[in-house]
Amino acid sequence: MRGWLDGLEPLNMRTSCPTMFSQELSQLIARTQRSDEAAAKELVERLYPTVIRIVRNHLPRRELEEDLSQEIFLKIFSKIHQYRADTPFEHWVSRISLNTCIDHLRKQRNRPEYRWSDFSEEQQAVLKTLRDGESEPPGDAPGESRELLARLLLTLKPNERMVVQWLYLDEKSVAEICDLTGWKPSKIKVMAFRARQKLAATIKRLAR
């Protein structure tokens with residue numbers, strides 16, 4: 001895990017990961033656009049690992065993951081006639097998946113309001129360290145630190161939560177996030193900055 005709150009852009013500008021787009025996939029998409037059921041089934045099999053990974057990374061309750069995945073596939077097939085090959089297909093699918101996850105999280109509306117007593121002694125020690133200006137939590141309890149960060153992320157808005165997770169947990173670059181979301185780099189940096197401010201304020205409130 002990278003430093004918790006250190007640096008607005010703690011990233012190297014890595015190149016984007018390989019996409020799924022190929023001549024074979026292009027033909028499969030074209031057949032699906034012509035309502036070929038066999039092609040649609042094969043496309044689901046290809047896309048499922050990508051979709052379920054995104055859902056599991058951003059959905060707090062695992063019991064809902066299959067329902068949300070089905071909703072994503074319904075949107076993919078309802079929009080597949082709009083797809084144009086000037087965008088990598090994996091990015092197009094990822095954007096639909098991410099937007100569906102964000103919409104789902106927005107509908108939940110309620111975000112937890114934690115108290116000091118809600119955290120274990122180890123997590124309280126991490127909070128005190130961060131309150132005192134240390135950029136890294138104690139190194140003897142990485143599991144506690146990761147669980148604490150996951151809980152604190154729930155206090156953020158869905159967009160902010162995802163940006164922090166991508167930057168600091170998944171260690172994605174700004175360029176990769178732009179590819180996934182279609183957002184501009186400036187939006188991602190501003191969102192990350194605001195999220196860090198909110199997390200810092202939450203930590204200060206809890207550990208005062």
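1. Some words on the nonpolar core
One recurring pattern in soluble globular proteins: nonpolar side chains tend to sit buried together. By size, the foremost hydrophobic cluster in this structure holds 53 residues, and its most contacted members are I76, F89, W92, L127, L152 and V163. Examining the composition of this core, we find that 8 residues originate from one element, helix α4 (residues 89-108), more than from any other.

2. A look at the packing of aromatic side chains
All told, the structure shown has 4 aromatic pairs when counted by the stated rule. Linked through ring pairs, Y83, F89 and W92 together constitute an aromatic cluster.

3. Remarks on unusual backbone geometry
Where the residue is not glycine, phi is negative for most of them; where a peptide bond is considered, it is trans in most cases. Phi angles above zero are rare outside glycine, and S35 is one such case at about 70°. Mapped onto the fold, S35 is located in the loop between α1 (23-33) and α2 (37-58). For S35, a relative accessible area of 60% translates into the label exposed. One non-glycine residue, E171, adopts positive backbone phi at about 55°. On the secondary structure map, E171 appears in the loop between α7 (158-169) and α8 (174-181).

4. What to know about the packing of α1 against α2
Axis separation between α1 and α2 bottoms out at 8 Å; the angle between their running directions is 130°. When the axis of α1 is compared with that of α2, the two are oblique. Two packed elements cross with a definite hand, and for α1 against α2 that hand is left-handed. For the pair α1 and α2, the contacting residues are E24, L25, L28, R31 and T32 in the first and A38, A39, A40, E42, L43 and R46 in the second. Across the contact of α1 with α2, the residue classes break down as 6 nonpolar, 1 polar and 4 charged.

What counts and what doesn't
Residues numbered from 1 in each chain as written. Predicted model: local features only at pLDDT ≥ 70, side-chain atom pairs only at ≥ 80, totals over all residues. Heavy atoms only, no water. Core = buried A, V, L, I, M, F, W, Y, C linked by side-chain atoms within 4.5 Å. Buried < 20%, exposed > 50% of the residue type's maximum accessible area, 1.4 Å probe, protein only. Helix = DSSP H or I, 4+ residues; strand = E, 2+ residues; numbered from the N terminus. Phe/Tyr/Trp six-rings, centres within 6.5 Å; stacked < 30°, edge-to-face > 60°. Axes fitted to C-alpha atoms, helices over the stretch in contact; angles between N-to-C directions. Parallel < 35°, antiparallel > 145°, perpendicular 65-115°, else oblique. Left-handed = near helix turned anticlockwise from the far one by under 90°. Contact = heavy atoms within 4.5 Å. Nonpolar A, V, L, I, M, F, W, Y, C, P; charged D, E, K, R; others polar.

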